[in-house]
Amino acid sequence: MMTDLFRMLLLIAVLLYILLIGVLMKKGRMSLKYSLVWFASGIVLLFCALFPQVIRFFTNLMGIYSETNAVFFIGVCFLLIIILSLTSIASGQSDRIRTLTQTQAMLEKRIRDLEKIVYKDEQNKDATNDGEK
């Protein structure tokens, strides 16, 4: 059984957690699409703190010894989901960085080639002008 003290501490912690996510989003340090998983985990934990009978039901259903353990189990499950989500995001960013680096290298080569052409044209003009004098 979850004690009232644990429920109150969980409630305060979850509210601070959701507030922190809101502040980070407002300051532009976290985008909405990446914060959805964080918000979902906060809402589930808030729901567990407000309605312990739901936790009791799932505790009995899963055969977990105590409700406190069930809350921590749910927290660990959400952490795994968040880690998987962040790994997916990091992989996508890595691919985008590689593509951007390759594109930049091709553009730099193109600029160097164009500069060579322009330099040769200027040299030819100078040689032509010197020959006319």
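Our subject is the structure listed above.
Residues numbered from 1 in each chain as written. Predicted model: local features only at pLDDT ≥ 70, side-chain atom pairs only at ≥ 80, totals over all residues. Heavy atoms only, no water.

Novice: Would you take a moment to explain the packing of aromatic side chains for this structure?
Specialist: The relative placement of two aromatic rings is captured by the distance of their centres and the angle of their planes. Counted according to the given criterion, the structure contains 4 aromatic pairs. Geometrically, the ring pair formed by Tyr17 and Trp38 is tilted, given 6.5 Å between the ring centres and 55 degrees between the ring planes. Remark: Trp38 occurs in helix α2 (residues 32-50) and Tyr17 occurs in helix α1 (residues 4-26); sequence separation between them is 21 residues. Classification of Tyr17 as partly exposed rests on a relative accessible area of 24%. Ring centres 5.0 Å apart and planes at 55 degrees place the aromatic pair Phe47 and Phe51 in the tilted group. Exposure remark for Phe47: the relative accessible area of 40% places this residue in the partly exposed category. (Phe/Tyr/Trp six-rings, centres within 6.5 Å; stacked < 30°, edge-to-face > 60°. Helix = DSSP H or I, 4+ residues; strand = E, 2+ residues; numbered from the N terminus. Buried < 20%, exposed > 50% of the residue type's maximum accessible area, 1.4 Å probe, protein only.)

Novice: I'm lost on α1 in this one. Help?
Specialist: Because the α-helix completes a turn every 3.6 residues, residues three or four places apart line up on one side. Its 23 residues give α1 an end-to-end C-alpha distance of 33 Å, which sits within 8% of 33 Å, the value for a rise of 1.5 Å per residue. All of the buried residues in α1 are Phe6, Leu10, Val14, Ile18 and Ile21. At the exit of α1 stands Gly28, carrying a positive phi of roughly 80 degrees. (Expected span 1.5 Å × (residues − 1).)

Novice: Would you mind going over the side chain of Thr59 with me for this structure?
Specialist: The residue Thr59 is located in helix α3 (residues 52-62) in this model. What makes Thr59 buried here is its relative accessible area of 3%. Sequence-distant contacts of Thr59, defined by excluding residues within four places in its chain, comprise Ile64, Ser66, Glu67 and Ala70. (Contact = heavy atoms within 4.5 Å.)

Novice: Honestly, the nonpolar core in this entry has me stumped. Any pointers?
Specialist: Most often, soluble globular proteins have nonpolar side chains that are buried together. Leu10, Val14, Ile55, Val71 and Ile74 are the most contacted members of the largest nonpolar core, which totals 13 residues. Contributing elements (two or more residues each) for this core: α1, α2 and α4 (67-132). (Core = buried A, V, L, I, M, F, W, Y, C linked by side-chain atoms within 4.5 Å.)

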